[in-house]
Amino acid sequence: VQLQASGGGLVQAGGSLRLSCAASGSISSANNMGWYRQAPGKERELVVVITRGGSTKYAESVKGRFTISRDNAKNTMYLQMNSLKPEDTAVYYCSAEIPWMTTAFRYWGQGTQVTVSS
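Residues numbered from 1 in each chain as written. Predicted model: local features only at pLDDT ≥ 70, side-chain atom pairs only at ≥ 80, totals over all residues. Heavy atoms only, no water.

A. Representation of the state of the cysteines within the structure. In total, this model carries 1 disulfide according to the counting rule given. The residue that forms a disulfide with Cys-21 is Cys-94, at a sulfur-sulfur distance of 2.2 Å. Torsion about the S-S bond of the Cys-21 and Cys-94 cystine: about 70°, corresponding to right-handed handedness. Of this pair, Cys-21 sits in strand 3 (residues 17-23) while Cys-94 sits in strand 9 (residues 90-100), placing them 73 residues apart in sequence. Both residues of the pair, Cys-21 and Cys-94, count as buried. (Disulfide = S-S within 2.5 Å. Helix = DSSP H or I, 4+ residues; strand = E, 2+ residues; numbered from the N terminus. Buried < 20%, exposed > 50% of the residue type's maximum accessible area, 1.4 Å probe, protein only.)

What follows is the structure in structure tokens.
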């Protein structure tokens, strides 16, 4: 499975962006999918994860502002980001854990840059 993230860009504080993560194969069997981000000089951190059943877990810093969704029919996951803040500036990566046999593999997209100006 290959993941292609897109939708990043430059936006002013308070603005919105919608990220997309298109998968080359089916995501309906994914155990979970999520968005991570990495700011310069910082470690990659979890932004939000969504399970196969639709349960979600958000980082405290984005709760109430970001919304994750997945469209299994289109093999695509989205991240709607509202009320963006300069501290949201980072490279955003999408990820999916796909089961195979008795194990599972985690796949990563290439990342999309989000820059929020103050």
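Now that the structure has been shown, we can carry on.
B. Molecular detail of the packing of aromatic side chains. Per the stated rule, a full pass over the model turns up 2 aromatic pairs. Arranged with centres 6.1 Å apart and planes meeting at 55°, the rings of Trp-100 and Phe-105 form a pair that is tilted. Judged by its relative accessible area of 39%, Phe-105 is partly exposed. Against the face of Tyr-93 rests Arg-44, its NZ or CZ located 3.8 Å from the ring centre. The positively charged end of Arg-44 is found above the aromatic ring belonging to Trp-108, 4.7 Å away from the centroid. (Phe/Tyr/Trp six-rings, centres within 6.5 Å; stacked < 30°, edge-to-face > 60°. Lys NZ or Arg CZ within 6 Å of the ring centre and 35° of its normal.)

C. Representation of the nonpolar core. Ranked by size, the top nonpolar core spans 31 residues in total, and within it Trp-35, Phe-66, Leu-79, Met-81 and Tyr-92 carry the most contacts. Elements that contribute at least two residues to this core include exactly strand 1 (3-6), strand 3, strand 4 (32-38), strand 5 (45-51), strand 7 (66-71), strand 8 (76-81), strand 9 and strand 11 (112-117). In terms of residue count, strand 9 provides more of this core than any other element does, 5 residues in total. When neighbours within four sequence positions are excluded, Leu-79 is seen to be in contact with Leu-17, Arg-18, Leu-19, Trp-35, Val-47, Val-48, Phe-66, Thr-67, Ile-68 and Tyr-92. (Core = buried A, V, L, I, M, F, W, Y, C linked by side-chain atoms within 4.5 Å. Contact = heavy atoms within 4.5 Å.)

Geometric descriptors of this kind do not, in isolation, establish any biological role.
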